[in-house]
Amino acid sequence: MPYVQVAAPAAVPASRFYVSLFFQVDAYAAKYGIRGLPREELPSLGVSFKMGWFYYGAGVLLHGAHWFPLVRPEAPAGAQINMSGSGG
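Just so it is clear, the structure is predicted and the values come from calculations on it, not from any experiment. (Residues numbered from 1 in each chain as written. Predicted model: local features only at pLDDT ≥ 70, side-chain atom pairs only at ≥ 80, totals over all residues. Heavy atoms only, no water.)

Turning to the overall build of the protein chain, a few remarks are in order. Counting secondary structure elements, the protein chain contains four helices and zero strands. Scanning the protein chain from its N terminus toward the C terminus, one meets helices and strands in the order α-α-α-α. Per-residue burial for the protein chain yields a buried fraction of 2% across its 88 residues. With the model as given, the accessible surface of the protein chain reaches about 8500 Å², and the carbon-plus-sulfur share is 69%. (Helix = DSSP H or I, 4+ residues; strand = E, 2+ residues; numbered from the N terminus. Buried < 20%, exposed > 50% of the residue type's maximum accessible area, 1.4 Å probe, protein only. Areas by Shrake-Rupley, 256 points an atom, 1.4 Å probe, with all protein chains shown as cover.)

Take a look at the structure:
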């Protein structure tokens, strides 16, 4: 089954979830008077990147695992068949 046939119908409920989550967080912040930091207290983008340097490696590994899989696409199905006892 193509990925688009699975992802396209799931896009509407997923977007509704994140929009409703945004409004819930916004309402909670308004109710309790939670405000963001003033601009002068926000760290610069460069400082943020320097503080989070270790996330880059994880991102590279995740993207590499996605684009260059180490197992054949049919391997999980074969493992499931073998684990169920009906595999050869």
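The terminal C-alpha atoms of helix α3 (residues 54-67) lie 21 Å apart, and with 14 residues this matches the ideal 20 Å at 1.5 Å per residue to within 8%. In terms of burial, α3 is a largely surface element, zero of the 14 residues being buried. (Expected span 1.5 Å × (residues − 1).)

In this section: the packing of aromatic side chains. Applying the stated criterion across every chain, the model contains six aromatic pairs. Ring geometry for Tyr28 versus Tyr32: centroids 4.6 Å apart, planes at 50°, classification tilted. With Tyr28 and Tyr32 both in helix α1 (residues 3-32), this residue pair falls four residues apart, about one helical turn. Measuring from ring centre to ring centre gives 6.2 Å for Phe49 and Tyr56, while their planes differ by 40°; the resulting arrangement is tilted. Residue class for Phe49 comes out partly exposed when judged on its relative accessible area of 48%. Assessed through its relative accessible area of 43%, Tyr56 is described here as partly exposed. (Phe/Tyr/Trp six-rings, centres within 6.5 Å; stacked < 30°, edge-to-face > 60°.)

Predicted coordinates in areas of low pLDDT are best not read in detail. Per-chain confidence: the protein chain averages 83 in pLDDT, with 77% of residues scoring 70 or above. Ranking the helices and strands of the protein chain by mean pLDDT puts α1 first, with 95, and helix α4 (residues 75-84) last, with 61. (pLDDT = per-residue confidence, 0-100.)

Another aspect to go through is a nonpolar patch on the surface. On the surface, a nonpolar cluster with roughly 770 Å² of combined accessible area is contributed by Leu45, Phe49, Trp53, Phe54, Tyr55 and Tyr56. Within the residue set of the nonpolar patch, elements represented by two or more residues are α2 (45-51) and α3. Counting residues per element, the nonpolar patch draws most heavily on α3, at three residues. Mapped onto the elements of the fold, Tyr55 is located in helix α3. Accessibility expressed as a relative area gives 57% for Tyr55, which makes it exposed. (Patch = residues over 30% accessible without salt bridge, like charges linked within 9 Å, V, L, I, M, F, W, Y side chains within 5 Å. Salt bridge = Lys/Arg side-chain N within 4 Å of Asp/Glu carboxyl O.)

Our next topic: α1. For α1, which comprises 30 residues, the first-to-last C-alpha distance of 42 Å matches the rise-based estimate of 44 Å (1.5 Å per residue) to within 8%. After α1 finishes, the residue Gly33 shows a positive phi value of roughly 70°.

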